[in-house]
Amino acid sequence: MKFLALDFGAKRFGLAFSDPSGSFALPHGTHTRKHNDNRGDIEFLAALIQSHEVSGLVLGIPSGSEASEKTANQARRFAENLRLRLENDGFALQIFEQDERFSTSLASAALREGGVSSRESRENGLLDAGAAAAFLQTFLDKQKAAQTNWGADSDSDNS
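Once a new chain begins, its residue numbering starts again from 1 and follows that chain's sequence as written. In view of the model being predicted, local features appear only for residues whose pLDDT reaches at least 70, and side-chain atom pairs are presented and counted only at 80 or more, with totals across whole chains, interfaces and linings using the full set of residues. Calculated side-chain values reflect all of the structure's heavy atoms, with hydrogen atoms and water omitted.

Oppositely charged side chains are able to pair whenever their charged atoms sit close together. In the sections that follow, a salt bridge refers to a side-chain nitrogen of Lys or Arg positioned within 4 Å of a carboxyl oxygen of Asp or Glu. In total, this model carries 8 salt bridges according to the counting rule given. Notably, a salt bridge pairs R12 with D128, separated by 2.3 Å at the nearest N-O pair. Here the residue R12 occupies a position in strand β2 (residues 12-18), and D128 occupies one in helix α5 (residues 126-157), the gap between them amounting to 116 residues. Where D41 meets R33, a salt bridge forms, and the shortest distance between an N and an O atom there is 2.7 Å. Both residues of the pair, D41 and R33, count as buried. Under the DSSP-based scheme used, a helix requires at least four consecutive residues in state H or I and a strand at least two consecutive residues in state E, with every element numbered from the N terminus. Note on exposure labels: buried denotes an accessible area under 20% of the residue type's maximum, exposed denotes more than 50%, and partly exposed covers the range between, all computed with a 1.4 Å probe on protein chains only.

In structure tokens form, the structure reads like this:
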């Protein structure tokens, strides 16, 4: 299953894809949003999802404050509208949520280690795409662990 991670923001989205096997997260870039143009954002993402044959959207959900909860609810509504838009084209999209706390810090540290300044990473959108890749990788690792644990449980039942 191939996934797209969406780091939802008011000004831009950070984007990352998984590889087709769902093992590795790769930053894809950002999409700069136009003010009051959710429809345009949905059309952009719908085309991206269809062209890359994505079947799962991993939505980064912030937590920890009232403002975070407001953003999380906006992200959920947006994702549901995107799912419905794709459904109209006969394209099924599963939506998953992943805690995005610390993803920006992880991305920032990785970029600094790679010699990219904080200012450059923010201006070029590298930070948002890196954050999306960070929480997508966490999601993929959890999926893999759940499959491994499920397989181990199944094996013990057959003994």
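With that settled, the discussion passes to the layout of surface pockets. Site definitions follow a grid-based scheme: protein atoms alone, a 1 Å grid, a 1.4 Å probe that fits but cannot get out for cavities, and for pockets an open set with protein on both sides within 12 Å along at least five of seven lines, plus lining residues having an atom within 4 Å of a point. Grid points are joined across faces, edges and corners, and a volume is the space filled by probe spheres set on the points. Roughly 410 Å³ of volume is contained in the largest pocket. Broken down by element, the lining of the largest pocket gets its largest block of residues, 5 residues, from helix α2 (residues 66-88). Under this grouping Gly is polar, as are all residues other than the nonpolar Ala, Val, Leu, Ile, Met, Phe, Trp, Tyr, Cys and Pro and the charged Asp, Glu, Lys and Arg. In the lining of the largest pocket, the residues fall into 4 nonpolar, 7 polar and 7 charged.

A few words on the environment of A132. Mapping A132 onto the fold places it in helix α5. Judged by its relative accessible area of 0%, A132 falls in the buried class. The sequence separation of A132 and V58 amounts to 74 residues, and the corresponding C-alpha distance is 9.0 Å. Residues contacting A132, with those up to four places away along its chain left out, are A5, D7, G14, L15 and A16. Whether two residues touch is decided by their heavy atoms; if any such pair falls within 4.5 Å, the residues are in contact.

It is worth spelling out the sheet that holds β2 at this point. In sheet architecture, strand pairing relies on hydrogen bonds along the backbone and comes in two forms, parallel and antiparallel. For two strands to be treated as a pair, DSSP must find at least two bridges joining them. Strand order in this open sheet of 5 strands is β3-β2-β1-β4-β5, and the pairing throughout is mixed. Of all the strands in the sheet, the pair left with one neighbour each is β3 (25-32) and β5 (94-99). On average, each strand axis in the sheet is tilted by 25° relative to the strand beside it, whichever way the strands run. Inspection of the sheet shows strand β1 (residues 3-7) paired to strand β4 (residues 56-61) by 4 bridges, in the parallel sense. Directly across from F3, in β4, lies its bridge partner G56. Structural elements are reduced to axes, namely lines fitted to C-alpha atoms, with helices fitted over the stretch in contact, and the angle between N-to-C directions of any two is expressed from 0 to 180 degrees.

Summary statistics for the protein chain give a mean pLDDT of 85 and a share of 83% for residues scoring 70 or more. Scored from 0 to 100, pLDDT records how confident the predictor is in each individual residue. Confidence drops under pLDDT 50 across residues 154-159; counting only partners more than four residues distant or on other chains, this segment forms 0 contacts.

Right, let's get into unusual backbone geometry. Not every positive phi belongs to a glycine, and N36 is a case in point at roughly 55°. Note on placement: N36 falls in the loop between β3 and α1 (38-51). Positive phi values are uncommon outside glycine, yet E53 reaches one of about 50°. Along the chain, the position of E53 falls in the loop between α1 and β4.

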